[in-house]
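Breakdown of the fold
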Amino acid sequence: MTEERISTTREPDGTTTTTRTTSVHDGASSSGGGKILLAVVLLIAVGAAIFLFSGMSDAEIAKDTAITDAAGEVGNAAQQVGDAAQDAADSVTGQE
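Residues numbered from 1 in each chain as written. Predicted model: local features only at pLDDT ≥ 70, side-chain atom pairs only at ≥ 80, totals over all residues. Heavy atoms only, no water.

1. Side note on the overall build of the protein
Looking only at helices and strands, the protein has one helix and two strands in total. In the protein, the succession of helices and strands from N to C terminus is β-β-α. For the protein, the spread of C-alpha atoms along the principal axes amounts to about 140 × 20 × 15 Å. The buried share among the 96 residues of the protein stands at 2%. Accessible area of the protein: about 8500 Å², with a carbon and sulfur share of 61%. One finds the centroid of the 5 positive side-chain charges in the protein at a distance of 40 Å from the centroid of its 14 negative side-chain charges. (Helix = DSSP H or I, 4+ residues; strand = E, 2+ residues; numbered from the N terminus. Buried < 20%, exposed > 50% of the residue type's maximum accessible area, 1.4 Å probe, protein only. Areas by Shrake-Rupley, 256 points an atom, 1.4 Å probe, with all protein chains shown as cover. Lys, Arg positive; Asp, Glu negative; His and termini not counted. Charge placed at Lys NZ, Arg CZ, Asp CG, Glu CD.)

2. Topic: a nonpolar patch on the surface
Taken together, the side chains of Ile36, Val40 and Ile44 present a nonpolar region at the surface, about 300 Å² in accessible area. On the secondary structure map, Ile44 appears in helix H1 (residues 33-93). A relative accessible area of 58% means that Ile44 is categorised as exposed. (Patch = residues over 30% accessible without salt bridge, like charges linked within 9 Å, V, L, I, M, F, W, Y side chains within 5 Å. Salt bridge = Lys/Arg side-chain N within 4 Å of Asp/Glu carboxyl O.)

3. Quick look at H1
Compared with the 90 Å implied by 1.5 Å per residue over 61 residues, the 90 Å span of H1 between its first and last C-alpha is a close match. Directly after H1, the chain includes Gly94, whose backbone phi takes a positive value near 85 degrees. (Expected span 1.5 Å × (residues − 1).)

4. Let's talk about the pairing of strand S2 (residues 16-24)
With nine bridges joining them, strand S1 (residues 2-10) and S2 adopt antiparallel strand pairing. Across the sheet, residue Arg5 finds its bridge partner in S2, namely Thr21. Where S1 hands over to S2, the hairpin turn is made up of five residues, of which Gly14 adopts a positive phi near 100 degrees. (Pairing = 2+ DSSP bridges.)

5. Some words on the pattern of salt bridges
Here the idea is simple: oppositely charged side chains can pair when their charged atoms come close. A complete count under the given rule lists two salt bridges for this structure. For Glu3, the salt bridge goes to Arg5, with nearest N and O atoms at 2.9 Å. For Glu3, a relative accessible area of 29% gives the class partly exposed. Of the residues examined, Arg5 reaches a relative accessible area of 54% and is grouped as exposed. Between Arg20 and Glu4 there is a salt bridge, and its shortest N-O distance comes to 3.1 Å. Within this pair, whereas Arg20 is found in strand S2, its partner Glu4 is found in strand S1, the two being separated by 16 residues in sequence. With a relative accessible area of 59%, Arg20 lands in the exposed category. On the basis of relative accessible area, Glu4 is assigned to the partly exposed category, the value being 48%.

Right, here's the structure in full:
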């Protein structure tokens, strides 16, 4: 940002003096404390995200294991039903 000031002064004897002052500001000076704080907050956020996503992964593994176990139990139950049906058919037809 550039700021220009023009000051005019009249002396009692009638002479006039004009002064021009130009100020240029390239931006506020920073000590870097805000940047360090932002970096720390960002690092904490990344760490929390990794922790949460790894927990979700464990939940997915537990869910998949439960589904696999349930499918195995259904398969065993189907085998037992099939064996019982075969036994019933054998007893009706007289075969052992």
